[in-house]
Amino acid sequence: MEVGEYPAVDALSSALAGLTFGGWVVCRSDLSGPWGVSLPGGRLGAAHIVLSGRCYVTMEGSGAQVELNKNELVFLPADRIHKVTDAPDTEAVPASQIAGLQITDSFAVSLSLGGGGARTRLLTISFSTGSDLHTQIFAGLPELIKLSLKSVSNQAHLRATLQAIEAEMAAAHPGYLAILRRLAEIFFVQLMRAVSLSDVTERGWLFALSDPRLKKALGLMHSQFAQPWRLADLARACGMSRTSFCDRFAEVVGVPPMTYLNRVRMSEATQRLKSPGARIATVAEEVGYASAASFSRAYREIVGSPPSEVARSPAVEPSLPNMVSF
């Protein structure tokens with residue numbers, strides 16, 4: 001039997017390992033026309049998947065709109081205020097006005113809504129996070145990304161995850177909330193992979209993963225962030241000159257390489273500072289700084305507040321309320 005070889009550096013896995021999913025939402029909706037819901041946004045990202053029927057997703061402000069049919073989904077990287085309706089001109093009811101729907105940090109809910117006309121079955125999955133690293137990961141992406149489950153590179157895996165989510169929602173056996181949370185996170189990672197392999201953009205972090213040279217640098221920055229990397233070291237690892245690497249990285253990712261590396265370090269440091277009993281000197285060493293003083297200066301410059309404020313803030317675990325059906 002041959003032992004398969006795997007890439008030494010997986011930038012996507014390394015980056016997403018640094019994301020802490022603080023809250024999550026899974027909503028299964030059985031809808032009949034006319035219907036429309038306005039969603040407040042404000043989370044890490046959201047996805048609407050049409051299991052049957054049809055819907056329209058429209059962004060507030062820009063007015064950007066997509067039509068979704070069966071086996072199609074839309075991903076909203078920034079999860080801004082938007083509405084989901086059965087037709088482009090249907091009036092949407094704010095989610096806060098739907099009786100029985102109490103949105104919390106982490107919940108699963110089944111929703112029935114509409115006037116008895118054409119039916120649509122919709123699955124909505126979204127996340128919130130305590131890390132700001134997602135702003136860099138989502139940089140360069142459009143506000144609406146439409147994908148077909150029939151054409152994405154990992155369609156079989158995505159379908160299997162969505163089917164498992166539906167099954168857990170329907171059965172609600174003991175432990176289903178814990179399982180849903182993990183399935184939702186798996187879906188998120190699979191979705192990021194699908195977006196990175198698509199042609200939705202020509203710049204940004206996820207697009208950089210399709211560049212065999214840049215993705216190596218990104219993988220090293222995320223998996224070995226504590227190393228004393230110099231620009232020349234990263235360029236050499238990518239087989240590029242220092243200048244060409246720096247120019248290409250800034251063009252595609254949106255910031256210079258060392259700026260990005262420092263943001264990765266501070267994001268990682270923030271998560272470690274939130275751990276009970278965390279010491280600033282220890283965290284400073286773990287993320288690659290020779291002293292607590294130099295780390296604190298850099299942290300304040302990049303994050304905008306001293307690390308002591310984060311270390312003093314108690315970590316809050318999200319609650320997992322029961323499913324609400326109505």
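Everything numeric here is computed off the predicted structure, so don't read it as measured data.

Draft legend 1. Expanded view of the nonpolar core. With 74 residues, the main nonpolar core has I49, F245 and F295 as its most contacted residues. Per element, the largest residue contribution to this core is eleven residues, and it comes from helix α4 (residues 176-196). Excluding residues that lie within four positions of it along the chain, F295 makes contacts with M266, A269, L273, I280, V283, A284, V287, Y289 and P307.

Draft legend 2. The pairing of strand β6 (residues 72-76), seen in detail. In terms of burial, β6 is largely enclosed, as five of its five residues are buried. Here β6 shows no split at all, with E72, V74 and L76 on one side and L73 and F75 on the other all buried. Bridge count between strand β3 (residues 45-52) and β6: four bridges; the pairing is antiparallel. When the sheet's bridge partners are listed, I49 is paired in β6 with L73.

Draft legend 3. Main features of the packing of helix α3 (residues 155-171) against α4. Close contact between α3 and α4 brings their axes to 10 Å; oriented N to C, the two are set at 160°. Judged by the angle between their axes, α3 and α4 are roughly antiparallel. Judged by the twist between their axes, the crossing of α3 over α4 is left-handed. On α4, the residues that touch H157, L158, T161, L162, A164, I165, E168 and M169 of α3 are Y176, I179, L180, L183, A184, I186, F187, Q190, L191, R193 and A194. Residues of the contact of α3 with α4, tallied by class, amount to 14 nonpolar, three polar and two charged.

Draft legend 4. Structural detail: α3. Given a rise of 1.5 Å per residue, 17 residues ought to cover 24 Å, and the 24 Å separating the end C-alpha atoms of α3 matches this to within 8%. Buried residues along α3 sit in contact with β1 (21-32), β3, β9 (106-114), β10 (119-129) and α4. Following α3 by one or two positions, A172 has its phi on the positive side, about 50°.

Draft legend 5. Structural detail: unusual backbone geometry. The omega angle of the peptide bond from G33 to P34 is -5°, so this bond is cis rather than trans. By secondary structure assignment, the location of P34 is in the loop between β1 and β2 (36-39). For N71, which is not glycine, the phi dihedral falls at a positive 70°. On the secondary structure map, N71 appears in the loop between β5 (65-69) and β6. Residue N71 is classed as buried on the basis of its relative accessible area of 15%. For A172, which is not glycine, the phi dihedral falls at a positive 50°. Relative to the helices and strands, A172 resides in the loop between α3 and α4. What makes A172 partly exposed here is its relative accessible area of 35%.

Draft legend 6. Structural view of the pattern of salt bridges. As enumerated under the stated definition, the model contains twelve salt bridges in all. Its salt-bridge partner being E166, residue R121 comes within 2.3 Å of it at the nearest N-O pair. One end of the pair, R121, is in strand β10; the other, E166, is in helix α3, and 45 residues separate them in sequence. In this structure, D211 and R213 form a salt bridge, with 3.8 Å as the shortest nitrogen-oxygen distance. One network of salt bridges, with partners in common, ties together D211, R213, R248 and E251.

Draft legend 7. A look at the packing of helix α6 (residues 214-223) against helix α9 (residues 257-273). Close contact between α6 and α9 brings their axes to 9 Å; oriented N to C, the two are set at 35°. The crossing of α6 and α9 is right-handed. Contact residues: α6 offers L218, M221 and H222, while α9 offers P257, Y260, L261 and V264. Taken together, the residues of the contact of α6 with α9 sort by class into six nonpolar, one polar and no charged.

Draft legend 8. The sheet that holds strand β4 (residues 54-59), seen in detail. The strand order β5-β4-β7-β2-β8 describes an open sheet built from five strands, whose pairing is mixed. Looking at strand neighbours, the two that pair on one side only are β5 and β8 (93-94), the edges of this open sheet. The pairing of β4 with strand β7 (residues 82-85) spans four bridges and is classified as antiparallel. If you follow M59 over to β7, its bridge partner there is H82.

Conventions used here
Residues numbered from 1 in each chain as written. Predicted model: local features only at pLDDT ≥ 70, side-chain atom pairs only at ≥ 80, totals over all residues. Heavy atoms only, no water. Core = buried A, V, L, I, M, F, W, Y, C linked by side-chain atoms within 4.5 Å. Buried < 20%, exposed > 50% of the residue type's maximum accessible area, 1.4 Å probe, protein only. Helix = DSSP H or I, 4+ residues; strand = E, 2+ residues; numbered from the N terminus. Contact = heavy atoms within 4.5 Å. Pairing = 2+ DSSP bridges. Axes fitted to C-alpha atoms, helices over the stretch in contact; angles between N-to-C directions. Parallel < 35°, antiparallel > 145°, perpendicular 65-115°, else oblique. Left-handed = near helix turned anticlockwise from the far one by under 90°. Nonpolar A, V, L, I, M, F, W, Y, C, P; charged D, E, K, R; others polar. Expected span 1.5 Å × (residues − 1). Salt bridge = Lys/Arg side-chain N within 4 Å of Asp/Glu carboxyl O.

It is worth stressing that arrangement in space is one thing and function is another; only the former is reported here.
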